[in-house]
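Architecture and fold: a report
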Amino acid sequence: VTNGGKTTLTNELLKVLSNCSKISQDDYFKSDAEVATNERGFKRYDELEALEMEKMMETVQSWISQHNNCASSEDKLNIVQKRCEDTVHFLVVEGFLLYHYESLDNVFDRRYFLTVPFEECKRRRSSRVYQPPDPPGYFDGYVWPMYIKHKKEMDKVQRDIVFIDGTKPQEEILCFVYNDITKAGEST
């Protein structure tokens, strides 16, 4: 959901996890001129077609390849192998349509989904400045309906997604996700 706390959580994880990198879906929006407009005149930013998903996937695959090579390449010197094998690397991929792009969704070890009710989401969104700015009625007439549509589609897919109440204190959300990630890392 827009303004659910995805970027805030990601930035906090970057502070507490060693060897952590991030890739943000927001960095892969097409130019404004390339984004289609719907019948109501709203720019269709909340759809996969507004994003350069192939480019994003290439970035994720490059990161994975770089870190897999570090950990498993037999051509590396022993000292480099030891350093890499003793270090866990984290990649946090954050965005609003991550689970709708199958190739990307298939590489995740953990999946989290922050939820925020309509009124809170609208309040948060109205306090932010976007470029280009949201036109009048954009949230009610496009953003929220697209969120509902995508959430229903996502609910049909059987994935191990952990739903988190985005209205909880940021520290509580961070603690939960951090503990979940570190427990998962211990079991692999």
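Per an unreviewed UniProt entry, the protein chain goes by Nicotinamide riboside kinase 1 and derives from Staurois parvus.

Quick look at the packing of helix α5 (residues 118-126) against helix α6 (residues 138-156) now. Put simply, α5 and α6 touch, their axes get as near as 12 Å, and they point 115° apart. Classified by chirality, the crossing of α6 by α5 is right-handed. Across from Phe118, Cys121, Lys122 and Arg125 in α5, the residues of α6 making contact are Tyr138, Phe139, Asp140, Val143 and Trp144. Within the contact of α5 with α6, the residues separate by chemical class into six nonpolar, no polar and three charged.

What follows is about the pattern of salt bridges. Summed over the entire model, instances satisfying the criterion amount to twelve salt bridges. The salt bridge involving Lys55 is made with Glu52; its shortest N-O contact spans 3.8 Å. Residue class for Lys55 comes out partly exposed when judged on its relative accessible area of 46%. Glu52 sits in the partly exposed class, given a relative accessible area of 25%. Put simply, Arg110 and Asp180 hold a salt bridge, and the shortest N to O gap is 2.5 Å. Within this pair, whereas Arg110 is found in the loop between α4 (102-105) and β3 (111-115), its partner Asp180 is found in helix α7 (residues 170-187), the two being separated by 70 residues in sequence. The network of salt bridges with shared partners includes Glu120, Arg123 and Arg124.

In this section: α6. Compared with the 27 Å implied by 1.5 Å per residue over 19 residues, the 26 Å span of α6 between its first and last C-alpha is a close match. Packing partners of the buried residues in α6 comprise β3, α5 and β4 (161-165).

Calculation notes
- Residues numbered from 1 in each chain as written.
- Predicted model: local features only at pLDDT ≥ 70, side-chain atom pairs only at ≥ 80, totals over all residues.
- Heavy atoms only, no water.
- Axes fitted to C-alpha atoms, helices over the stretch in contact; angles between N-to-C directions.
- Helix = DSSP H or I, 4+ residues; strand = E, 2+ residues; numbered from the N terminus.
- Left-handed = near helix turned anticlockwise from the far one by under 90°.
- Contact = heavy atoms within 4.5 Å.
- Nonpolar A, V, L, I, M, F, W, Y, C, P; charged D, E, K, R; others polar.
- Salt bridge = Lys/Arg side-chain N within 4 Å of Asp/Glu carboxyl O.
- Buried < 20%, exposed > 50% of the residue type's maximum accessible area, 1.4 Å probe, protein only.
- Expected span 1.5 Å × (residues − 1).

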